[in-house]
Amino acid sequence: MDFTLSDEQRALTEMVEQFTEAEITPNAKDWDEQHHFPIATLRKAADLGLAAMYVKPELGGSGLSRLEAALVFEKLAMGCVSTTAYLSIHNMVTWMIGHYGSSTLHEKYLSHLASMQWTASYCLTESNAGSDAASLITSARRDGDCYIINGAKAFISGATQSHVYAVMVRTGELGPKGISCILVDKDTPGLSFGKLEQKLGWHSQPTAMVFFENCRVPISQLLGVENSGFSIALTALNGGRVNIAACSLGGASACLKASLAYVQERSQFGKNLSQFQHIQFTLATMATQLDAARLMVYRAAAAIDNQDTPLVTQCAMAKKFATDVCFEIANQALQLHGGYGYLKDYPIERFLRDLRVHQILEGTNEIMQTIIAKRLLEA
Amino acid sequence: MKILVAVKRVIDPYAKIRVNADQTGIETHNVKLSMNPFDEIALEEALRLKEQGLASEIIVISIGPIQAQETLRQGLALGADRAILIQTDQDLEPLVIAQLLNRISLREAPQLIILGKQAIDNDANQTGQMLAALLNWPQATFASKVTIDQQRVTVEREIDGGLQTLAFDLPGIITTDLRLNTPRFAKLPNIMKAKSKPLEIIASETLGIDLTPRLTTLSIKPPPIRPKGILVHSVDELIDKLRFEAKVI
């Protein structure tokens, strides 16, 4: 087992760190306050190869491994968790098109998605199909060489801004075996959006419902084969879980870094906070938890790269552990900052708000436990 | 046109600088090292000249320990075509550096050499000038704007009184100031590909230059910690303190 990064991996994390400090960190507060979707900055990131990270180079991607992508997301999230999380969703859909799409779809989408001239969203959840995703009812009916899509998707990250939506629809029997994945363009007649959701965090990207009313889409927009959509959705989600967990690592690292600086400059009772043993122990625990989470996330990412058999379990464990622990680290950081941590003048409360949703999305942490337990009991 | 760009591996400008325990130098253990910022600007300028079709090849060169390969790889990831490392574990003085660069210049025959005006570690600001003297080439230091028309190079440079414009015919030497350009970030695929570009390692002793330092560093001390400020209650008290304590009036 080798825990050292290669020269290239170190070089790319350093580059992303510099990019984050120059382009993201100074703006994240404004994006949060103004609910601004920073497409110009995202396009700068895309220009560096960050929008199609694990798509093969021959398809116009950067050809990175999942582990390398996780390292990148972690660094970016140190600046802004919400923007990075959106970029990770975009990367996931771009990968889905690269991996499962026909050459016609590659031609139509990949270069635009790699440059982020177009952006992408993932549509699985419905109002009544959240954790029980296989019960989804949005339907696609064949009509000649088209599908006619009807239904509604809920909690769609990037909705209203994204140009293409990877939508899980029912094309066959009830349950997971009757689902297909179809790409729907934003300008398709019959596609519309609900009002923008008012959220606790993730303010730099819009969330809304997406409605489909007799949406006519050519059958060439189908990803993979008909009725294989649920397995595409779950495979993509394994990566999505690692990505979101990596975003949590970045948020927690930023909180720890801010706390280390704060306790060394703040004095009470005549000495720096850093000289109190309770503060030292808190910092040590935060750093240890962060490192443990990091190891789990990196291992899960490597498991996808190597297609190791327990990858589903490892991705679920990493997602649950990292998102729980990193939220707790942000919470501890807020406590260390005292009253100041509660103010928007300091970045901690933004990280706390942005990190909270990671325990819910890409499969709630309770569903992660269901996944883990199911495989434990099967063995 | 072939351009040679010299890059130095230095302590990262944002790292915390600490004097080592025996006060003989700066602590470099567990400290982040990166490309000297002025050299990043030098490389960026070379890359822009190549993009304008004015340069055919960019060679990045560094003199330092084997780890300086990382800095050269960064240069390759940014777009340099090949790299040369003159390997040494010794701390070399500017004249020796200039002599080593002179050797490589004679071999590679670049038409233009671009260097950072100084390295942010010891701030010598001498290598470019000395190299120009050794090569007997014209030099334009502290460049804030570079234009090339055929063989004619025009350089705007920052001086105390404002801007000065110099012109010379190639070959020549430019050293770069902070406001010349803003360096780009390396693209991910180029970082991954940098390893496949050529990087030649030359042992410093093989170039026939006397590497012995002429200067001896006696000790290095951190500046004294600034004492706390005081509040004065009247102008008279201020004048009194300036005259008798600070002794500046």
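Within each chain, residue numbers correspond to sequence positions counted from 1 in written order. Chain A is the first chain written and ligand 1 is the first ligand written, with later ones labelled in order. Confidence filtering applies because this is a predicted model: local features only for residues at pLDDT of at least 70, side-chain atom pairs given and counted only at 80 or more, and all residues used for totals across whole chains, interfaces and linings. Only hydrogens and water are set aside when side-chain values are computed; all heavy atoms of the structure are taken into account.

Notes on the overall build of chain A
What counts as a helix is a DSSP run of H or I of at least four residues, what counts as a strand is a run of E of at least two, and both are numbered from the N terminus. Each helix and strand counted, chain A has eleven helices and ten strands in total. Radius of gyration here is computed from C-alpha atoms only, and the compact-globule reference equals 2.2 Å multiplied by the residue count raised to the power 0.38. Computed over its C-alpha atoms, the radius of gyration of chain A comes to 21 Å, within 12% of the 21 Å expected for a compact globule of 379 residues. Buried residues in chain A amount to 55% of all 379 residues. Contact between two residues is taken to exist if any of their heavy atoms lie within 4.5 Å; hydrogens are not considered. For chain A, the proportion of contacts with a sequence separation of at least 24, taken over those separated by at least 6, is 73%. The accessible surface values rely on the Shrake-Rupley method and a 1.4 Å probe; as for residues, cover is taken only from the protein chains in view. In the structure as shown, chain A presents an accessible area of about 16,000 Å², 55% of it carried by carbon and sulfur atoms. Note that His is not counted, nor are the chain ends; the positive residues are Lys and Arg, and the negative ones are Asp and Glu. To locate a charge, take NZ of a lysine, CZ of an arginine, CG of an aspartate or CD of a glutamate. The average position of the 31 basic charges and that of the 37 acidic charges among the side chains of chain A differ by 4 Å. Whether a residue is buried, partly exposed or exposed follows from its accessible area with a 1.4 Å probe, protein chains only, as a fraction of its type maximum: under 20%, in between, or over 50%, in that order.

A look at the pairing of strand E4 (residues 57-64) of chain B
All names here are of chain B. Taking burial as the measure, the eight residues of E4 include seven buried ones, the bulk of the element. Think of it this way: DSSP has to see at least two bridges between two strands before they count as a pair. Relative to E4, strand E1 (residues 2-6) runs parallel, the two sharing five bridges. Bridge pairing in E4 places Val5 opposite Val60. Bridging between E4 and strand E5 (residues 82-87) involves six bridges; their strand directions are parallel. Counted as the bridge partner of Ile59 is Arg82 from E5. When the strands point away from the viewer and the connection leading from the first strand across the helix to the second strand turns clockwise, the crossover is called right-handed. Since E4 and E5 lie parallel, the crossover through helix H2 (residues 68-78) that links them has a hand, and here it is right-handed.

Here we look at the packing of aromatic side chains
Put simply, two rings from Phe, Tyr or Trp (the six-membered ring, in Trp's case) pair if the centres are within 6.5 Å, and we call them stacked under 30 degrees between planes, edge-to-face over 60, tilted for the rest. The full count for this structure, using the stated rule, is nine aromatic pairs over all chains. Aromatic side chains Phe19 of chain A and Phe185 of chain B sit 5.5 Å apart centroid to centroid with 80° between the ring planes, which places their arrangement in the edge-to-face category. Placement of Phe19 of chain A in helix H1 (residues 7-24) and of Phe185 of chain B in the loop between strand E10 (172-176) and helix H5 (188-193) is noted, with the two residues assigned to different chains. Residue classification places Phe19 of chain A among the buried residues on the basis of a relative accessible area of 2%. The class of Phe185 of chain B is partly exposed, set by a relative accessible area of 21%. With 6.0 Å between their ring centres and 85° between their planes, Tyr262 of chain A and Tyr346 of chain A make a pair best called edge-to-face. Pair noted here: Tyr262 of chain A is in helix H7 (residues 229-265) and Tyr346 of chain A is in the loop between helix H9 (311-336) and helix H10 (348-356), with a separation of 84 residues, a long-range link. For a Lys NZ or an Arg CZ to count as sitting over a ring, it must be within 6 Å of the ring centre and within 35 degrees of the ring normal. The side chain of Arg142 of chain A reaches across the aromatic face of Tyr147 of chain A, ending 5.8 Å from its centre. Across from the ring centre of Phe351 of chain A, 4.9 Å away, lies the NZ or CZ of Arg350 of chain A, which sits over that ring.

Re the layout of surface pockets
Residue and element names in this part refer to chain B. In this structure, the second largest pocket occupies an estimated 1,600 Å³ of space. We place a 1 Å grid over just the protein atoms. Points where a 1.4 Å probe fits but has no way out form a cavity, open points with protein on both sides within 12 Å along at least 5 of 7 lines form a pocket, and any residue with an atom within 4 Å of a point lines it. Considering the residues around the second largest pocket, the lining is formed by 47 residues, among which Lys8, Asp91, Leu92, Asp121 and Asn122 are closest to the centre. Of all elements in the fold, only strand E2 (9-11), E4, helix H3 (94-108), strand E6 (112-116) and helix H4 (127-135) reach the threshold of two or more residues within the lining of the second largest pocket. Considered class by class, the residues forming the lining of the second largest pocket number 22 nonpolar, 17 polar and eight charged. Grid points are joined across faces, edges and corners, and a volume is the space filled by probe spheres set on the points. Under the convention adopted here, Pro, Cys and the residues Ala, Val, Leu, Ile, Met, Phe, Trp and Tyr are nonpolar, Asp, Glu, Lys and Arg are charged, and Gly plus all remaining residues are polar.

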